[in-house]
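Listed below, chain by chain, are the residues.
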Amino acid sequence: MSNFLSLHEITKEYPQGETPLRVLKGVTLEVAKGEYLTIVGASGAGKSTLLHIMGLLDQPTSGELLFEGRDLGKISGLEQAQLRNHLFGFVFQFFHLLPDFNAVENVMMPGLVGQGLWGWTLTRRQVRRSAEELLARVGLKERLKHRPSQLSGGERQRVALCRALINQPRVLLLDEPTGNLDSHTGEEIHELVRTLNREQGQTIVMVTHNEAAARRAGRVIRMLDGEIVSC
Amino acid sequence: MYKLMVALRYMRRNWLNLVGVAAVAIGVLVLIVVLSVMKGFDEEFRARVRATLSDLIVENWYDEPFGNYEELMAQIEKIPHVTACAPRYEGLALLTLRKKLPDGTYGPGQQRRYGEFLGIDLPREVKATDFAEYVRAWRGRAAREELAALFSQGDIAIAAISKEHVAAELNSLRPEDLQIMDALPRERLTAWAKKEGLSLQSAFATAAATPVEWGEVPDSKLSPAFAGSELLVIGQDENGTQVSLGTGDQVVVFSATDNFANQTFRRCQVNGEFRSGMYDYDARNIYLPLADAQRFMSNEGKVTSINIRLDSFDNAPIVRATLLGILTPDELRRGLDALRSLGGGAAPKLKEIEAQLKLLSSSEVTWFATADYRAITVTRSLEYDIYGALETLHKTGVANPAAEEFQKLVLQREGSRVGRGSKLALRVSTWEDKRRPMLRAVMLERRIMGVILFFVMLVAGFLILSIVHTTVLSKIRDIGILKSIGGSVGGIMSIFLLNGLLMGAVGSALGTLGGMLITKNINAIQAVLEKMVGYSLFPQDIYYLDRIPVDQHPFWNTTVICLSAVVVSLLASAYPAWKASRLNAVEALRYE
Ligand SMILES: Nc1ncnc2c1ncn2[C@@H]1O[C@H](COP(=O)(O)OP(=O)(O)O)[C@@H](O)[C@H]1O
Ligand SMILES: [Mg+2]
């Protein structure tokens, strides 16, 4: 067992009639530090569910989730919220930006949430500065004050990526980040993620359909009906 | 803090929040205005109801006139906290009003009334009660009318009268009299007084310092009297102007006793007017000299009550206890504490004493408050019980200073009882005891009004609940997002609680501001409204008030109202906030 992120015999069931619907059927997986891991598989295979469990957004029915040897299933709800805030960064297929806030505010939000959560001494101004830096780095310097509805899909996803990165997470989780983008903008996002992994050693777990791009970056695992079928 | 930031952003984006703020503001405003006007009326009403009642009133327990009162009063005056006392002879009477005819005789009575005569010792009365306030204020009706007539004729008429004359008339007036005289423009009066080198201020000061006197009567068969202002009204003449008794007119007082064979009466000449503002008193009371009342009732040397003024009404319980020769509930408690600290007394007895004492100190026991004899009996038996128990302990050699003090106090209090050695049993009431039904009615009225008005607050609360609920429904996806970036259950809940809290707080602030503005300017607002609707909303002749009274110290009322508004808003948002915080993150994210 590595002592970074590891999943052991994770199952997830949804109650349904007499026999529960088994979405995950005992997934065991190791993610090494600095690794670029891609999960592929047909729609409905349980990829999102697995990612959600990995990122503490969802609770597994059974199994263990360990981070650096610590069992994340056994900690309080508040602590889980804290880990979601600064251990994991999430990027979704549908961007999921807050519509009432502009780009820079959306990026700042995890930093502001973290302020209250675990006594960070980061001031609002510091959070804003790093949010602006991140947005500048993904080429949205001119778009700080724009609301999500005023941005294109690619731009939105870049804002979402910045938001996932603002608290310098240990693991970046991406759920089909390019699924809603055209192939060109999708490739740009992939490129950004690859650069993060290569230059900063950012650990990446990504669900995608773009297998070709994934192969170039690192390890790929395939899921089928709630099980890992090939590594 | 992101919670406040998010809450504020959501509020700004939804105009419904303004509706919530307005609802709270209206609720707070209505509560503040209505309660402060009611409190204003209450304070006014308390003063009116009290009128000439003194702090404590001593009567015969058997409601008979009692003698030897000079000696009793001498004893009472020695009691600490007593500043003055005055005897009274009061009784029911049939009153006949007789107006002087043009030929100088008195015809048969024009009107018959039932009422009450009050024989008072004037020099002592003015020290022990506020009698002077009410008599002097209205004594100068004739002078006031004369002045008003002069002033309404114009400056030439004023110049024609000597300033000494006006100054003399002014002496019988008080500032309140001038204020309510529509016919007498104050500016002109002030200007005139200035020109003549008269200071109105000093005229008023002289008026206040002039002692009340009975005034002259033509022969000894007549008594000088002050009659209630409403009592004096006979009716209207053919021109529709009010006819009332005035200087030189008479009221004949017939005794209303059960002495059938010997009905007595006394003719009184009305030398002045009494006006308290309470219709009941003003329509029934006639004041005459104590000696005359005693003689006419064939009860020379006797009175029906002694009226006591205290340095402060707060001292009424202790003075009353001293008068009756008993302990106050507080003092009894101290004795009980001494007994308990000695660990002594028969345990079951101790419990019984405890229960009785609790009953005594409870404000709900009206028979104690109303000076019922039972209260005295219970107190005496408690004194006896505690004293006895302490005595038993003392014999067994246990003693402490507190116990000795208690025993000393019991003996000393018994010794200080007023009227000791006579067969007289006293009833001692406070003025509140005397007027308890009315005071209770008013207090209850305000409480009930508060409860009813609180429903306005509740409605605002329901509105807030549905507004916050709508916000939560429209922000389900946001809630999922916030959870995915680390928002905790408490954090999500705080966002929506803040939403309600802010509505409550802003609404309270606006409502308080509006309420203050309205109560401060209520009389101006009333005037404007009256112009608009065209009739009097606040007829002065009904309330005897020249303005709408308001609570002068609204701090506590306002604080309580605002706090309850904020609490209601918070509670109203608690349910939707709780629901929001329980949302499952993944499902919320998937929500369309
Ligand atoms: N709340 C739920 N209740 C019942 N079934 C669910 C629920 N959420 C997901 N599923 C089912 O779990 C399976 C896996 O879903 P998901 O992890 O989203 O698949 P993928 O991301 O691989 O397309 C699907 O068949 C889906 O219908
Ligand atoms: Mg999926």
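The following refers to the structure shown. (Residues numbered from 1 in each chain as written. Chains lettered and ligands numbered in written order. Predicted model: local features only at pLDDT ≥ 70, side-chain atom pairs only at ≥ 80, totals over all residues. Heavy atoms only, no water.)

### Remarks on the overall build of chain B
Here is step 1: Counting secondary structure elements, chain B contains 27 helices and eleven strands.
Here is step 2: Counting all 592 residues of chain B, 49% fall into the buried class.
Here is step 3: Considering only intrachain contacts with a sequence separation of at least 6, the fraction spanning at least 24 residues in chain B is 79%.
Here is step 4: Roughly 29,600 Å² of accessible area belongs to chain B as shown, and the carbon and sulfur atoms make up 59% of that amount. (Helix = DSSP H or I, 4+ residues; strand = E, 2+ residues; numbered from the N terminus. Buried < 20%, exposed > 50% of the residue type's maximum accessible area, 1.4 Å probe, protein only. Contact = heavy atoms within 4.5 Å. Areas by Shrake-Rupley, 256 points an atom, 1.4 Å probe, with all protein chains shown as cover.)

### With respect to the pairing of strand 1 (residues 5–14) of chain A
Residue and element names in this part refer to chain A.
Here is step 1: Here strand 1 pairs with strand 4 (residues 62–67) via five bridges, running antiparallel. By the bridge assignment for strand 4, Leu5 is matched with Phe67.
Here is step 2: Examined bridge by bridge, strand 1 and strand 2 (residues 21–31) share eight bridges and lie antiparallel to one another. Paired with Ser6 across the two strands is Glu30, which belongs to strand 2.
Here is step 3: From the end of strand 1 to the start of strand 2, which pair antiparallel, there are six residues, and Gly17 there has a positive phi angle of about 55°. (Pairing = 2+ DSSP bridges.)

### Considering the site of ligand 1
Here is step 1: In the vicinity of ligand 1, the contacting residues are Tyr14(A), Leu21(A), Val23(A), Ala42(A), Ser43(A), Gly44(A), Ala45(A), Gly46(A), Lys47(A), Ser48(A), Thr49(A) and Arg590(B).
Here is step 2: Lys47(A) has a polar backbone atom sitting 2.9 Å from an oxygen atom of ligand 1.
Here is step 3: For ligand 1, the accessible surface in isolation is 570 Å², of which the surrounding protein chains cover 68%.
Here is step 4: Every element with two or more residues in the shell around ligand 1 is listed here: strand 2 and helix 1 (47–54) of chain A.
Here is step 5: For the shell around ligand 1, the leading source of residues is helix 1 of chain A, giving three residues.
Here is step 6: Per-class residue counts for the shell around ligand 1 are five nonpolar, five polar and two charged. (Near = heavy atom within 4 Å. Polar contact = N/O pair within 3.5 Å; in protein donor to acceptor, adjacent residues only side chain to side chain. Nonpolar A, V, L, I, M, F, W, Y, C, P; charged D, E, K, R; others polar.)

### Description of helix 19 (residues 401–415) of chain B
Residues and elements named next belong to chain B.
Here is step 1: Here helix 19 spans 21 Å end to end across 15 residues, near enough to the 21 Å set by a 1.5 Å rise per residue.
Here is step 2: If you check which residues of helix 19 are buried, you get Ala403, Phe406, Gln407, Leu409, Val410 and Arg413. Projected onto a plane normal to the axis of helix 19, the buried residues spread over an arc of 155° and lie on a single side. Along helix 19, the residues that are exposed and aim more than 90 degrees away from the buried face are Pro401, Glu405, Lys408, Leu411 and Gln412. (Expected span 1.5 Å × (residues − 1). Arc of directions from axis to C-beta.)

### Let's talk about a nonpolar patch on the surface
Here is step 1: On the surface, Ile525(B), Val528(B), Leu529(B), Met532(B), Val533(B) and Tyr535(B) cluster together into a nonpolar patch covering about 580 Å² of accessible area.
Here is step 2: Checked against the element boundaries, Tyr535(B) lands in the loop between helix 24 (522–533) and helix 25 (540–543). (Patch = residues over 30% accessible without salt bridge, like charges linked within 9 Å, V, L, I, M, F, W, Y side chains within 5 Å. Salt bridge = Lys/Arg side-chain N within 4 Å of Asp/Glu carboxyl O.)

### Looking at the side chain of Asn285(B)
Here is step 1: Along the chain, Asn285(B) turns up in strand 9 (residues 285–289).
Here is step 2: Beyond its immediate chain neighbours, meaning those up to four positions away, Asn285(B) contacts Glu116(B), Leu118(B), Phe226(B), Ala227(B), Gly228(B) and Leu231(B).

### A look at the sheet that holds strand 8 (residues 203–207) of chain A
All names here are of chain A.
Here is step 1: Across the sheet, six strands lie side by side as 6-7-8-3-9-10; this open sheet has mixed pairing. Of all strands in the sheet, those with a lone pairing partner are strand 6 (88–91) and strand 10 (227–230), marking the two edges. Pairs of neighbouring strands in the sheet enclose a mean axial angle of 25°, with direction left out of account.
Here is step 2: Two elements, strand 9 (residues 219–224) and strand 10, share three bridges in a ladder whose sense is antiparallel. If you follow Leu224 over to strand 10, its bridge partner there is Glu227. (Axes fitted to C-alpha atoms, helices over the stretch in contact; angles between N-to-C directions.)

### What about the pattern of salt bridges?
Residue and element names in this part refer to chain B.
Here is step 1: Evaluation of the coordinates by the stated rule reveals 37 salt bridges over all chains.
Here is step 2: As a salt-bridge pair, Arg266 and Asp292 come within 4.0 Å of each other at their nearest N and O atoms. Taken as a pair, Arg266 in strand 8 (residues 265–274) and Asp292 in helix 13 (residues 290–296) lie far apart in primary sequence, 26 residues in all. Here the two residues Arg266 and Asp292 agree in accessibility, since each one is buried.

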